[in-house]
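Close look at the chain arrangement
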Amino acid sequence: VVVRRQEHVRALNRWEHGAHGELVTSDGAFTPVSHRAAAAEGADPCWLQLGLTEAYHLAFVQNRLRILLAASAGDGATAGDCWVAFCQSSARFPHEYAAYQRLISDGWRVRSGLSFGADFALYSAVGGREHASHLALVQAAAIEAPLTWRALQSHVRL
């Protein structure tokens, strides 16, 4: 899910408001940058890239985002429309969303863990901008083979 309007990008990505998504600038390679790096370089982000779990949460729990699907009207997609579309896009979506909601309800600030080899990076909901203290890997047991110790080690090393 992509957010393009600069005022919305800034509002959703501010650390005090959850620092949602990954900022992307156009330097020819369209490489993701951190909010801190973009500010230090003085670069304006071109867009904010949100994962499905973040987008669904922002749209239908926090009411801070309107999602437009190709088949939706100009008013935006409903929660049911997005649920079906996101599940069709990723069989892991319901499992990841359940984990995402649980982690938030347990008091974590949840960000993408992709750059760390995990599903989510967990930050303390209180305090400053310290590094993620934990990583979460979602095991979707209904659709994935059990995670072995060897698979876990390989997953972390890659």
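Anything mentioned here points back to the structure above.
These notes cover the structure that comes with them. (Residues numbered from 1 in each chain as written. Predicted model: local features only at pLDDT ≥ 70, side-chain atom pairs only at ≥ 80, totals over all residues. Heavy atoms only, no water.)

1. Describing the overall build of the protein
- Secondary structure summary: the protein contains six helices and seven strands in total.
- For the protein, the succession of helices and strands along the chain, N to C, is β-α-β-β-α-β-α-α-α-β-β-β-α.
- Buried positions account for 33% of the 158 residues belonging to the protein.
- Long-range contacts, defined as pairs at least 24 residues apart, comprise 44% of the intrachain contacts of the protein with a sequence gap of at least 6. (Helix = DSSP H or I, 4+ residues; strand = E, 2+ residues; numbered from the N terminus. Buried < 20%, exposed > 50% of the residue type's maximum accessible area, 1.4 Å probe, protein only. Contact = heavy atoms within 4.5 Å.)

2. Some words on the packing of helix α3 (residues 52-60) against helix α5 (residues 93-105)
- Across the interface, α3 lies against α5 with an axial gap of 9 Å and an inter-helix angle of 60 degrees. By the angle between their axes, α3 is oblique relative to α5. Handedness of the crossing formed by α3 with α5: right-handed. Residues Leu52, Thr53, Glu54, Tyr56 and His57 of α3 pack against Phe93, Glu96, Tyr97, Tyr100, Gln101 and Ile104 of α5.
- Per-class residue counts for the contact of α3 with α5 are six nonpolar, three polar and two charged. (Axes fitted to C-alpha atoms, helices over the stretch in contact; angles between N-to-C directions. Parallel < 35°, antiparallel > 145°, perpendicular 65-115°, else oblique. Left-handed = near helix turned anticlockwise from the far one by under 90°. Nonpolar A, V, L, I, M, F, W, Y, C, P; charged D, E, K, R; others polar.)

3. A closer look at the environment of histidine 95
- Along the polypeptide, histidine 95 turns up in helix α5.
- In sequence terms histidine 95 and isoleucine 143 are 48 residues apart; their C-alpha atoms lie 9.7 Å from each other.
- If we ignore the near neighbours within four places in the chain, the residues touching histidine 95 are Val138, Ala140, Ala142 and Ile143.

4. Quick word on the sheet that holds strand β7 (residues 134-136)
- Read across the sheet, three strands follow the order β5-β6-β7 without closing on themselves; strand pairing throughout is antiparallel. Because the sheet does not close on itself, it has two edges, and the strands there are β5 (108-112) and β7. In this sheet, adjacent strand axes meet at a mean angle of 35 degrees when their direction is disregarded. (Pairing = 2+ DSSP bridges.)

5. Observations concerning the nonpolar core
- Ranked by size, the top nonpolar core spans 15 residues in total, and within it Leu50, Leu65 and Ile67 carry the most contacts.
- At the level of elements, α3, α4 (79-89) and α5 are the ones that each hand at least two residues to this core.
- In terms of residue count, α3 provides more of this core than any other element does, four residues in total.
- With seven residues, the next largest nonpolar core counts Tyr100, Leu103, Phe120 and Ala136 among its residues. (Core = buried A, V, L, I, M, F, W, Y, C linked by side-chain atoms within 4.5 Å.)

6. Some points on the packing of α3 against α4
- Between α3 and α4, the shortest axis-to-axis distance is 11 Å and the interhelical angle comes to 175 degrees. When the axis of α3 is compared with that of α4, the two are roughly antiparallel. Contact residues: Leu52, Tyr56 and Phe60 in α3; Ala79, Cys82, Trp83, Phe86 and Ser89 in α4.

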